[in-house]
Amino acid sequence: SSDLDKMASLIPWNQIRTNTVNFFMRRNQGELWKTLTSVSKPGMKKGRKATRQTPRPLLRYYRIGASPMKVQFPGLNAPIDYEATSADLLHIVEQTEDEIKEGQMAMRNDLAEKAGKKRRHQKEKLHPLERGFSGTQIMGQRLGPPPPTDSDTFDDFESYCLDVKRTANMTRVFGRVHTMAALVVTGNGRGLAGYAVGKAPLHRTSTAVVNAMKMASRKLFYVQLLEDRTIHQDFYAECRNTRIFAERKPAGYGVVCHPRLIKICQAIGIKDIYVKVEGSTKNYLALTHAFVTGLLNQETFQQVAERKGLHVVEMDPSRHFLPEKIASPIMTPLKAEDELQSFDRLNLDDFYGEGRYPLKKPRQAPFYANLESHLEAEWRKHPFRNHEKVMHRLLADEVVPRWTRDARAAWGERESELALAGVKPLITGIGLSHWAPKKED
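Residues numbered from 1 in each chain as written. Predicted model: local features only at pLDDT ≥ 70, side-chain atom pairs only at ≥ 80, totals over all residues. Heavy atoms only, no water.

Peer 1: Can you tell me about the overall build of the protein, naming the residues and giving the values?
Peer 2: For the protein, the count of helices and strands is 14 helices and 13 strands. Looking at the protein residue by residue over its 441 residues, the buried ones come to 25%. In the protein, once contacts between residues fewer than 6 apart in sequence are set aside, the share between residues at least 24 apart is 50%. With the model as given, the accessible surface of the protein reaches about 33,800 Å², and the carbon-plus-sulfur share is 55%. (Helix = DSSP H or I, 4+ residues; strand = E, 2+ residues; numbered from the N terminus. Buried < 20%, exposed > 50% of the residue type's maximum accessible area, 1.4 Å probe, protein only. Contact = heavy atoms within 4.5 Å. Areas by Shrake-Rupley, 256 points an atom, 1.4 Å probe, with all protein chains shown as cover.)

Peer 1: Explain the nonpolar core to me, and be specific about the residues and the numbers.
Peer 2: Leu-261, Ile-270, Ile-273, Val-275, Phe-291 and Leu-295 are the most contacted members of the largest nonpolar core, which has 32 residues in total. For this core, the secondary-structure elements that each account for two or more residues are strand E4 (158-171), strand E5 (175-187), strand E6 (192-201), strand E8 (235-239), strand E9 (242-248), helix H8 (259-268), strand E11 (273-279) and helix H9 (284-296). If you tally residues by element for this core, the top one is H9, at seven residues. Filtering out sequence-adjacent residues up to four positions away, Phe-291 remains in contact with Phe-235, Ile-244, Leu-261, Ile-264, Cys-265, Ile-270, Ile-273 and Val-275. (Core = buried A, V, L, I, M, F, W, Y, C linked by side-chain atoms within 4.5 Å.)

Peer 1: Pulling in residues and values, what's your account of the pattern of salt bridges?
Peer 2: The full count for this structure, using the stated rule, is 14 salt bridges. Of the charged contacts, one joins Glu-378 and Lys-381 as a salt bridge, the two residues approaching to 3.4 Å between their closest N and O atoms. Remark: Lys-381 and Glu-378 occur in helix H12 (residues 372-381); sequence separation between them is three residues, near one turn of the helix. Residue Glu-378 is classed as partly exposed on the basis of its relative accessible area of 37%. (Salt bridge = Lys/Arg side-chain N within 4 Å of Asp/Glu carboxyl O.)

Peer 1: Quick one: what's the story with the sheet that holds E9, residue by residue and with numbers?
Peer 2: Here we have four strands laid out as an open sheet, ordered E8-E9-E11-E10, and mixed in their pairing. Both outer strands of the open sheet, E8 and strand E10 (255-256), are each paired with one neighbouring strand and no more. Strand contacts of H9: E8, E9 and E11, with the helix running at about 145° to E8, the strand carrying the most contacts. (Pairing = 2+ DSSP bridges. Axes fitted to C-alpha atoms, helices over the stretch in contact; angles between N-to-C directions.)

Peer 1: I'd like a description of a nonpolar patch on the surface, backed by residues and values.
Peer 2: A contiguous nonpolar patch, built from Val-173, Phe-174 and Val-177 and spanning about 340 Å² of accessible area, is present on the exposed surface. Turning to its location among the elements, Val-173 is positioned in the loop between E4 and E5. Classification of Val-173 by relative accessible area gives exposed; the value is 66%. (Patch = residues over 30% accessible without salt bridge, like charges linked within 9 Å, V, L, I, M, F, W, Y side chains within 5 Å.)

Peer 1: Just give me the short version of the environment of Ile-231, but keep the residues and values in it.
Peer 2: Its place among the elements puts Ile-231 in the loop between strand E7 (220-222) and E8. Spatially, the C-alpha atoms of Ile-231 and Thr-300 are 9.3 Å apart, while their sequence positions differ by 69 residues.

Peer 1: Hey, could you go over unusual backbone geometry for me, with residue numbers and the actual values?
Peer 2: One non-glycine residue with positive phi stands out, namely Asp-228, at about 55°. For His-320, which is not glycine, the phi dihedral falls at a positive 60°. As for its placement among the helices and strands, His-320 is situated in the loop between strand E12 (312-315) and strand E13 (323-327).

Peer 1: Provide a residue-level description of the confidence of the model for the protein, including the pertinent values.
Peer 2: Confidence along the protein averages 83 in pLDDT terms, with 83% of residues attaining 70 or more. Long-range and interchain partners of residues 6-14, a stretch whose pLDDT sits below 50, account for zero contacts in this model, where long-range means more than four residues apart. (pLDDT = per-residue confidence, 0-100.)

Peer 1: Lay out the state of the cysteines in plain terms, naming residues and giving numbers.
Peer 2: The final tally for this structure, using the stated rule, is zero disulfides. Left unpaired, Cys-265 is separated from the closest cysteine sulfur, that of Cys-257, by 4.6 Å. (Disulfide = S-S within 2.5 Å.)

Peer 1: A description of the packing of aromatic side chains should follow, citing residues and the corresponding values.
Peer 2: Scanning all chains against the criterion turns up five aromatic pairs. The interplanar angle of 85° and the centroid separation of 5.3 Å between the aromatic rings of Phe-154 and Phe-157 together place this pair among those described as edge-to-face. Centroid distance Tyr-195 to Phe-221: 6.4 Å. Interplanar angle 75°. Geometry classified as edge-to-face. With a gap of 26 residues between them, Tyr-195 in strand E6 and Phe-221 in strand E7 connect regions that are remote in the sequence. As far as the burial class goes, Tyr-195 and Phe-221 line up, both buried. Positioned above the aromatic ring of Phe-133 is the side chain of Arg-260, whose terminal nitrogen or guanidinium carbon lies 4.0 Å from the ring centre. When the ring centre of Tyr-284 is taken as origin, the NZ or CZ atom of Arg-260, which lies over that ring, is 4.0 Å away. (Phe/Tyr/Trp six-rings, centres within 6.5 Å; stacked < 30°, edge-to-face > 60°. Lys NZ or Arg CZ within 6 Å of the ring centre and 35° of its normal.)

So, in structure tokens, the structure goes:
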């Protein structure tokens, strides 16, 4: 009994440590995950951030003691009771039906909530006519009018983003500094337009676009169009390794050119044009500068007449190339015939193209072009090569009411009777240079 009394007297003096501190208790969940997911700045430049796993909220899916039987572990999911005996440290209680259903639906509810958040952050779907050059990218989309400056507003203007790229500048203090550069063109569709390049810090694309819109609204130029739809004459322009050949087209032709040039034509108001681009087609700033330079260097017909002292004559194929005078000098005296030089008789297309013409590659012959069977078939069709033209001519001249066998047979009999009667000369045709009457027996 004396030994038991001594042991009982030592129990109150046992040290019970309640402030246990270790590595896992000293750091929270975010700091622990950071040791696995953090990437240095040089590693981010090399793209190593994409290879790191994302932090996972383990406490949402793995809960200590969650099972069909509720188990309480003191110190983990239940408070520590220091006065309890060793038999009362672990408690096991059966779950009710409501608790079982709640545990089964917890994971499903978390996943549904996560999917709902993702759905809210999805980008808005755009109409096919409102999309950019590549899907939902901002390049090629309509951005609306530029922001107003002081008392000037641009309500009737429309802006288009032509290019967004990342640029770098090597500095002595900060090293390689990356920025975002955006090329934007704006215009009112009636000849007044402007373009500029805006810059912003890295990953600030929208800021670069807004800065470019502001700068473009301050750098406007005016392009005088022919009939408010096309250019006055064909021209050639170049910038760096980009070469442009622009051709004037009749009404209703449309805008057939580079996708970036289509947006520039929409901003300026050009409706009918064909532009061939040679050399570099991906340097969009050089492409824009060359096209705008060619437009600004144009001359109206009256300006050409005043500068040359000659009449400007147009020969339109719709009038069978009959000449039509469209401008005459007013302030400059008209040159006489003996005053004309050799360079005064140049064609305007040759003059403004500087002797250059776009490369037009011939159509590649099909693989069967030289086969014997194909050549024989073409030889068999050769005698009938003009039948379609003959059909159009006979129907246009109302010689045959309809292109049917009966109508053609009746016309042939009528022509034969007129030829035999001597009213019309006998048609000799190819292979029939002479005819002789049939001898009677």
